[in-house]
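Chain by chain, the residues run as shown.
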Amino acid sequence: MSLQGGFPLNRLPQLRVDYPSLKVVREHVSNGCARMLVVSLPDNRGRTTHGEYKVVIDVTNGLGQVPVSYVLNTEDVRQFRYIVRGGQKHHAYDHSLATIPGTDKEAWWICHGDFSAVYSVLEDDPVARMGGFLNHIISLLNW
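Small disclaimer: the values here were computed from a predicted structure and weren't measured.

A. Geometry of the overall build of the chain. Scanning the chain from terminus to terminus reveals three helices and nine strands. Ordered by position from N to C terminus, the α and β elements of the chain give β-α-β-β-β-β-β-β-β-β-α-α. Here the C-alpha atoms of the chain give a radius of gyration of 14 Å, agreeing with the 15 Å that 2.2 N^0.38 yields for 143 residues. Oriented by its inertia axes, the alpha-carbon framework of the chain measures out at about 40 × 30 × 30 Å. The buried share of the chain, taken over its 143 residues, is 47%. In the chain, the share of contacts with a sequence separation of at least 24, taken over all contacts with a separation of at least 6, comes to 53%. Put simply, the chain shows about 7100 Å² of open surface, and 51% of that area lies on carbon and sulfur atoms. Charge separation in the chain, taken as the distance between the mean sites of 14 positive and 14 negative side-chain charges, equals 3 Å.

B. Quick peek at helix H3 (residues 126-141). In this model H3 runs 22 Å from its N-terminal to its C-terminal C-alpha over 16 residues, within 8% of the 22 Å that 1.5 Å per residue would give. Most of H3 sits inside the fold, with 12 of its 16 residues counted as buried. Listed in full, the buried residues belonging to H3 are Pro126, Val127, Arg129, Met130, Gly131, Gly132, Phe133, Leu134, Ile137, Ile138, Leu140 and Leu141. At the N-terminal boundary of H3, the capping side chain belongs to Asp125, with an oxygen 3.1 Å from the backbone nitrogen of Val127.

C. Representation of the side chain of Thr48 within the structure. Of note, Thr48 is situated in the loop between strand E5 (36-42) and strand E6 (52-58). Polar side-chain contacts of Thr48 include one of 3.0 Å to the backbone nitrogen of Gly51. Within the structure, Thr48 has its side chain in polar contact with the backbone nitrogen of Glu52 (distance 3.1 Å). Thr48 has contacts with Asp43, Tyr53, Asp76, Val77 and Arg78, leaving out every residue within four places of it along the chain.

D. Looking closely at unusual backbone geometry. With a phi close to 50°, Asn31 is a non-glycine residue in the positive phi region. Following the sequence through the fold, Asn31 ends up in the loop between strand E3 (29-30) and strand E4 (33-34). Its relative accessible area of 79% is what places Asn31 among the exposed residues.

Conventions adopted
Residues numbered from 1 in each chain as written. Predicted model: local features only at pLDDT ≥ 70, side-chain atom pairs only at ≥ 80, totals over all residues. Heavy atoms only, no water. Helix = DSSP H or I, 4+ residues; strand = E, 2+ residues; numbered from the N terminus. Rg over C-alpha atoms; globule rule 2.2 N^0.38 Å. Buried < 20%, exposed > 50% of the residue type's maximum accessible area, 1.4 Å probe, protein only. Contact = heavy atoms within 4.5 Å. Areas by Shrake-Rupley, 256 points an atom, 1.4 Å probe, with all protein chains shown as cover. Lys, Arg positive; Asp, Glu negative; His and termini not counted. Charge placed at Lys NZ, Arg CZ, Asp CG, Glu CD. Expected span 1.5 Å × (residues − 1). Polar contact = N/O pair within 3.5 Å; in protein donor to acceptor, adjacent residues only side chain to side chain.

Structure, rendered in structure tokens:
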């Protein structure tokens, strides 16, 4: 299966088993693939006011490289651990933008560390790759 083009829409039900809040941003769908996803991730450390992070995942460049994730509900975040202003190029692996793609909303990037070595050895399956990425983001946000 190709890792280009985003996340295949026909594979969403499999990923929703573990991430039932997962949604597609309809404006970012083409050729049967979602280039932007939104999901609620748990806050197990009390760092948000409502117990969750609302996160947008940008897979515009396909699943061959590590996706970029941004926190949407920054107004609910009490502690910005691993969350930094996007578009600053803090690290070589930082592909974040100053605004969330397709919006004028200021981007707050989740710094995922140099996850590319681990990500590149994940199975070439969209569900395995996105699941591994989301597990990593949950771990970071709850570290």
